[in-house]
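Structural characterization, general
Here is how the chains run, residue by residue.
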Amino acid sequence: MLELDTCCKSYRTGAFGSGELLAVRDVSFAVTPGEVVSLIGESGSGKSTIGKMILRLMPTSRGSITFDGMDISTLTGRKLKEYYADVQGVFQDPFSSYNPIFKASHVFAMLRNEYFAGLSSSEWNAKLERSLEAVSLNPGDVLNKYPHQLSGGQLQRMLIARALLLQIRLLVADEIISMLDASTRIDVLNLLGDLKARGLGILFITHDLSLGNYISERTMILRRGRIVEMGATEKVFGNPLHPYTKMLIASVPHLHKKWDQIEREVGASDVLEHVLREERTDEPGDGNGVARLEQAELDHFVALGSD
Amino acid sequence: MAVSKPGAGVMTTAGAPVPAEATGPISPQGAPAAAPITARRSEFLYFAFRNWKFVVGLAVVLFLFALAIFGPMLTPHEPLEFGGPTDQAPSSDYWFGTTSFGQDVFSQFVHGLRATFLVGLVGGGIAWLIGATVGFTAGYRSGWLDDVLNMITNVVLVIPTLAILIIVAAYVNVHSYATEAILVGLTSWPWAARAVRAQTFTLKTREFVDIARISGRRTRQIITTEIAPNMSSYLLMMFILLFGGAILIGASLDFLGLGPSESMSLGLMMNNAFLSSALLLGSWWWFIPPGVGIIGIVGGLYVMNVGLDEIFNPRLRDM
Amino acid sequence: MSLRVDDLAVYYQSLRGDVKAVDGATFQISDGEIMGLAGESGCGKSTLGKSLIRFDARMRHVAGSVELDGRKLPISDDSKMNAFRFKEVSIIPQYALSALNPTRRIGTMATELLRSRNIEPDTVLPEFKRRLKLVGLDQDVLDRFPIELSGGMKQRVVMVLSSLLDPSLLIADEVTSALDVSTQRAVSELLVEFRDRGFVKSMIVITHDLSVLYQIADTILIMYAGKLAEKAPAETVVTSPRHPYTQLLLSSLPEVGVRYAEKRLSGIPGRPPPLIDPPTGCRFKTRCPLAFAKCDEEPPFASLEPGHLAACWKAEKAEAA
């Protein structure tokens, strides 16, 4: 369904734009219907950039992104609108995603103007109510309020409901959980699970490994714009091969095991050392060449090269 | 969001002075969350009429505006009508006295107020429109369009406005205050464009703009419905500053004798007074009213603006 | 060092009434203890932390007292607290990363800060450099601007600065929330190292992330809607919590290894009560599955076992979690 092929995103840097900063390097992956694919990376890894490129909020510098075989980088006007009827996104900060001067229902009204102008009021209201109920929200509770009167969890769910109005096939969820409270996080996450069961493909972008592990079928670990490891979630988490992946897993705080124990189990090197080393270098250790992912086992790929 | 214009200060949308208990990764309550429109309006009125700068400034401007509208009906004399006694101090017949040519100063004053307000509104309005359009477009679009508009803005900004206007006015032979207003408007917009551009940059990175984009909204619509309303208080204050600035520039031109000569304005009054040595003759009634008039309008506007800044920005209030 | 907090109440004023951010907190911290202060947004943990150093001029100290090493802290008086700030009680504020003045080099900022506290920078500069090295920062950090440093580096600079004068108590307010997972671990372990090396005597680590607290804290204090819910050694809170809120909170956290297909976790329905006019009785009662009639009366923050306190009528009975 969605396919990225050696996508790159570069920015001009330096005094006269002579330098180049590659935020995303040669990223290739695919998302098929009915699965959640996690894109896990720390800050600066380029994960949000990939999300924005897929949503056409940012142009791709090199490489291609295709949806059902169609190159999305050339879409404009009506074709772009059709694309948005298939692919939608939800972002990190629920309070920034709503224009504070309008009621929360403004996000729905925009969609109605662009896609459902022909529907009568009662048809539209019925459709809206169905969508809100599908995300376990009571329409009466949320429709007539301003964003600051609602909670982060409600706002994020409304954004998901908004995406669902369009019968989308792919949802780009960019850190949608990180600004929610612990008690609401799991509910929104379970909602994604329900949507996946109904055939939606989801690209779940996050920095939180435990969330990725909980919800996704396949996982990609992104480091400085490059994919270093990818494959079935249980394989990537159960048998991490790349040193960076091991280090990430060893850094996640657990509730019943101390860090030292996990570090030993996973075989990672000292985390503080790694952090300090990352701060001192600007380029990833594995050089500038095209990163090749080698298959380590069935549905498990690792990038070669030293860390 | 600081602006490079005195008196504009820092802008935020108004919010109650309660800190959100910000303890999530980043404040899940959202630091400065704007209150709904109706609550904001009543909150605005609540604070507005307790702010003496706003009230006094507004009162002065409104009073002079009323004088401009109704004043000409109060006096039986025409502003350019000769025939009265010359150089006479204020009397019951001629409330502000007469000029060296026997004209009624009061009549000149109230007609002058009309012209001054006209130049301010039209000139300020044109500058506001150009500044806002250029600013929004440059700020939202980025890329080469931003670079081009930036270059134009900087060029117009750097040109010594008054000098250009003097030259243009000398050749174009300005006939009406509307023309003068247009000329003023065409040269005083750059700082407004830069300020709007900076604000637009900030707002463009907000996620609600991304949501609008993936809803299929077009650029122009996004600017007018999503971005501009978020800057409404700023745009209002910008207009007031442009209004005042246009009046000053127009008055300067008139004072130099480059404005229209067929009707009367406050600047022209001062010009005539100066040329007729009113100061030496002691005819204070000729040049003091127009001076006070200009100071009153422009000063009132600026004081009102400072008040508005305090009203819109809770952090500047002395609560 | 010892910290005693007795029935502390700190409110914020607002147009609509007082926001009862902290409404009656009583607890103690002993020498060398790292206490984690956890809860969701709006529970009052940040306010509690800031009130111990009077970091926010808008807060009103309404009731209660704070004693540090037997001396009462003047937390209602801004100018009197000045003598204690930075020297005896210090804070790493919540948005420290974005609060660094972007136009000042780190070294300049540090010397300005020290001078403002009437400390001659040269006397502490060697120690400052030594500690920077300890947290893995080069000397040239002093010549850099904040924008040249990563989030983790800035956080470590702020950590070193805040604890430079070896305060008795260090309050770390959400220092790891905005960091990447690897930097989070590095910074968390450095906090423990500061305590181990004696740079600070005791610490209060404020965060919403219980798993980080399990890793580094000796005891954990859970807050809910302005009140204290549970306090116990970290291991106890995580393995055998007694307050229903703690229990529900823990069961809603997806641990690495738990998968949606195998075990569906669930959150806590509802929202915390508003703090302007909070309901009487236990503030968790509307969302609590164990709520019963007595919950209309506020449960005391009582000791269940030595070192384990909880505010719940049901927890008082000897029930296992």
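Analysis parameters
Residues numbered from 1 in each chain as written. Chains lettered and ligands numbered in written order. Predicted model: local features only at pLDDT ≥ 70, side-chain atom pairs only at ≥ 80, totals over all residues. Heavy atoms only, no water. Helix = DSSP H or I, 4+ residues; strand = E, 2+ residues; numbered from the N terminus. Rg over C-alpha atoms; globule rule 2.2 N^0.38 Å. Buried < 20%, exposed > 50% of the residue type's maximum accessible area, 1.4 Å probe, protein only. Contact = heavy atoms within 4.5 Å. Areas by Shrake-Rupley, 256 points an atom, 1.4 Å probe, with all protein chains shown as cover. Lys, Arg positive; Asp, Glu negative; His and termini not counted. Charge placed at Lys NZ, Arg CZ, Asp CG, Glu CD. Phe/Tyr/Trp six-rings, centres within 6.5 Å; stacked < 30°, edge-to-face > 60°. Lys NZ or Arg CZ within 6 Å of the ring centre and 35° of its normal. Buried area = accessible area lost by both parts, 1.4 Å probe. Salt bridge = Lys/Arg side-chain N within 4 Å of Asp/Glu carboxyl O. Polar contact = N/O pair within 3.5 Å; in protein donor to acceptor, adjacent residues only side chain to side chain. Pairing = 2+ DSSP bridges. Disulfide = S-S within 2.5 Å. 1 Å grid on protein atoms, 1.4 Å probe; cavity = no way out; pocket = protein on both sides within 12 Å on 5 of 7 lines; lining within 4 Å. Points joined across faces, edges and corners; volume = space filled by probe spheres on them. Nonpolar A, V, L, I, M, F, W, Y, C, P; charged D, E, K, R; others polar. Axes fitted to C-alpha atoms, helices over the stretch in contact; angles between N-to-C directions. Parallel < 35°, antiparallel > 145°, perpendicular 65-115°, else oblique. Core = buried A, V, L, I, M, F, W, Y, C linked by side-chain atoms within 4.5 Å.

A separate point is the overall build of chain A. Counting its secondary structure elements, chain A contains twelve helices and twelve strands. Compactness check: chain A gives a C-alpha radius of gyration of 20 Å against a globular reference of 19 Å for 307 residues, within 12% of the reference. Seen through its C-alpha atoms, chain A measures out along the principal axes to roughly 60 × 50 × 40 Å. Expressed as a percentage of the 307 residues in chain A, the buried residues total 58%. For chain A, restricting intrachain contacts to residue pairs at least 6 apart in sequence, the fraction spanning at least 24 positions comes to 66%. Counting every atom, chain A has about 11800 Å² of accessible surface; 48% of that belongs to carbon and sulfur.

We now examine the overall build of chain C. For chain C, the count of helices and strands is eleven helices and twelve strands. Relative to the 2.2 N^0.38 estimate, which gives 20 Å for 321 residues, the radius of gyration of chain C is 20 Å and therefore close to what a compact globule would have. The principal-axis extents of the C-alpha atoms in chain C amount to approximately 65 × 50 × 40 Å. Counting only residues that meet the buried cut, chain C has 58% of its 321 residues in that class. In chain C, the share of contacts with a sequence separation of at least 24, taken over all contacts with a separation of at least 6, comes to 65%. For chain C, the exposed surface amounts to about 12800 Å²; the carbon and sulfur share of it is 50%. Here chain C contributes 41 positively and 41 negatively charged side chains, and the mean placements of these two sets differ by 3 Å.

Now for the packing of aromatic side chains. Evaluated as defined, the whole model comprises 17 aromatic pairs over all chains. The interplanar angle of 85° and the centroid separation of 5.1 Å between the aromatic rings of Phe96(B) and Phe106(B) together place this pair among those described as edge-to-face. Of the two residues, Phe96(B) sits in the loop between helix 2 (52–74) and helix 3 (105–141) while Phe106(B) sits in helix 3, which places them ten residues apart along the sequence. The class for Phe96(B) is partly exposed, based on a relative accessible area of 25%. Aromatic rings pair up to connect Phe65(B), Phe117(B), Phe239(B) and Phe243(B) into one cluster. We note Lys9(A) situated over the ring of Tyr11(A); from NZ or CZ to the ring centre the distance is 5.3 Å. Residue placement shows Lys81(A) over the ring face of Tyr115(A); its charged tip is 5.3 Å from the ring centre.

The subject of this paragraph is the interface of chain B and chain A. Across the boundary between the two partners, chain B contributes 29 residues, which contact 34 residues of chain A. Summed over both partners, the interface of chain B with chain A buries about 2700 Å², with 57% contributed by carbon and sulfur atoms. Of all residues in chain B, Glu207(B), Ile211(B) and Ile214(B) give up the largest surface area on contact with chain A, accounting jointly for 25% of the area buried on that side. Remark: the boundary between chain B and chain A carries two salt bridges. Across the pair Lys52(A) and Asp210(B) runs a salt bridge whose closest N-O atoms are separated by 3.9 Å. Across the chain B-chain A interface, the total number found is ten residue pairs in polar contact (both at pLDDT 80 or more). Counting residues per element, the side of chain B that touches chain A draws most heavily on helix 8 (residues 207–214) of chain B, which supplies seven residues.

Residue and element names in this part refer to chain A. Where strand 1 (residues 2–13) and strand 4 (residues 62–67) come together, five bridges link them in antiparallel fashion. Looking at strand 4, one finds that Leu4 is bridged to Ile65. Strand direction decides the pairing type here: strand 4 and strand 5 (residues 70–71), joined by two bridges, are antiparallel. Across the sheet, the residue bridging to Thr66 is Asp71, located in strand 5. As consecutive antiparallel partners, strand 4 and strand 5 are separated by two residues, and within that stretch Asp68 has a phi angle of approximately 55°, a positive value.

Moving on, we come to the pattern of salt bridges. Counted under the stated rule, the structure contains 37 salt bridges over all chains. With a shortest N-O distance of 2.9 Å, Lys227(C) and Glu298(C) are connected by a salt bridge. With a gap of 71 residues between them, Lys227(C) in strand 10 (residues 227–233) and Glu298(C) in the loop between helix 10 (244–251) and strand 11 (302–305) connect regions that are remote in the sequence. A relative accessible area of 40% means that Glu298(C) is categorised as partly exposed. Through salt bridges with shared partners, a single ionic network connects Asp260(A), Glu263(A), Arg185(C) and Glu189(C).

Working definition of a disulfide: a covalent bond connecting the sulfur atoms of two cysteines. Applying the stated criterion across every chain, the model contains zero disulfides over all chains. Cysteine Cys7(A) remains unbridged, with the sulfur of Cys8(A) as its closest cysteine sulfur at 7.3 Å. A relative accessible area of 0% means that Cys7(A) is categorised as buried. Unpaired in this structure, Cys288(C) has its nearest cysteine sulfur neighbour in Cys312(C), at a distance of 6.0 Å. For Cys288(C), a relative accessible area of 14% gives the class buried.

Let us look at the sheet that holds strand 5 (residues 71–72) of chain C. Residue and element names in this part refer to chain C. Strand order across the open sheet formed by four strands is 2-1-4-5, with antiparallel pairing between neighbours. Bordering the open sheet on either side are strand 2 (17–29) and strand 5, each of which pairs with just one other strand. When strand 1 (residues 3–14) meets strand 4 (residues 59–68), the two strands line up antiparallel, connected through eight bridges. Paired with Tyr11 across the two strands is Arg60, which belongs to strand 4.

Before going further, it helps to spend a moment on empty space enclosed by the protein. Residues and elements named next belong to chain B. Summed over all chains, the structure comprises four cavities of 30 Å³ or more. Of the pockets and cavities examined, the largest cavity occupies roughly 70 Å³. Volume-wise, the second largest cavity comes out at about 50 Å³. Secondary-structure elements contributing two or more residues to the lining of the second largest cavity are helix 3, helix 6 (177–187) and helix 10 (232–255). Per-element accounting of the lining of the second largest cavity gives the leading share, four residues, to helix 10. Looking at side-chain class alone, the lining of the second largest cavity contains five nonpolar, four polar and two charged residues.

At a minimum axis distance of 13 Å, the contact between helix 11 (residues 259–266) of chain A and helix 7 (residues 181–196) of chain C shows a crossing angle of 140°. For the element pair helix 11 of chain A / helix 7 of chain C, the angle class is oblique. Residues Trp259(A), Asp260(A) and Glu263(A) of helix 11 of chain A form the contact with helix 7 of chain C, whose own contacting residues are Arg185(C), Ser188(C) and Glu189(C). Partitioning the contact of helix 11 of chain A with helix 7 of chain C into residue classes produces one nonpolar, one polar and four charged.

Let us now look at the interface of chain C and chain A. One widely used convention gives an interface's size as the accessible area the parts lose upon coming together. In this complex, chain C contributes 47 residues to the contact, which on the side of chain A involves 48 residues. Carbon and sulfur atoms supply 53% of the area buried between chain C and chain A, which totals about 4100 Å² over both sides. Here chain C is connected to chain A by two salt bridges. Linking Arg185(C) and Glu263(A) is a salt bridge whose minimum nitrogen-to-oxygen distance equals 2.6 Å. At the level of elements, helix 6 (151–162), helix 7, helix 8 (210–216), helix 9 (234–239) and helix 10 of chain C are the ones that each hand at least two residues to the side of chain C that touches chain A. For the side of chain C that touches chain A, the leading source of residues is helix 7 of chain C, giving eight residues. A per-class count over the side of chain C that touches chain A returns 18 nonpolar, 16 polar and 13 charged.

It is worth spelling out the sheet that holds strand 10 (residues 226–232) of chain A at this point. Residue and element names in this part refer to chain A. Across the sheet, which stays open at both edges, the eight strands sit in the order 6-7-8-3-9-10-12-11 with mixed pairing between neighbours. A strand with exactly one partner marks an edge of an open sheet, and here the two such strands are strand 6 (87–90) and strand 11 (293–297). Recorded for the sheet is a direction-independent mean angle of 20° between the axes of neighbouring strands. Pairing analysis gives five bridges linking strand 3 (residues 36–41) to strand 8 (residues 201–206), with the strands arranged parallel. For Ser38, the partnering residue across the bridge sits in strand 8 and is Phe204. Strands in contact with helix 1 (residues 47–54) are strand 3, strand 6, strand 7 (170–174), strand 8 and strand 9 (218–223); relative to strand 8, the strand with the most contacts, it is inclined by about 150°. Across the sheet, helix 6 (residues 152–164) lies against strand 6 and strand 7, angled at about 175° from strand 6, the strand it touches most.

We now examine the nonpolar core. Formed by 109 residues in total, the largest nonpolar core has its most connected members in Phe29(A), Ile50(A), Ile54(A), Tyr83(A), Ile160(A) and Phe204(A). The greatest single-element share of this core, amounting to seven residues, is contributed by helix 6 of chain A. Excluding residues within four positions of it along the chain, Phe204(A) makes contact with Val36(A), Val37(A), Ser38(A), Leu39(A), Ala173(A), Ile176(A), Ile177(A), Leu189(A), Leu192(A), Leu211(A), Gly212(A) and Ile215(A). Counting 102 residues, the second-largest nonpolar core is a separate cluster that includes Tyr12(C), Val200(C), Ala234(C) and Leu249(C).

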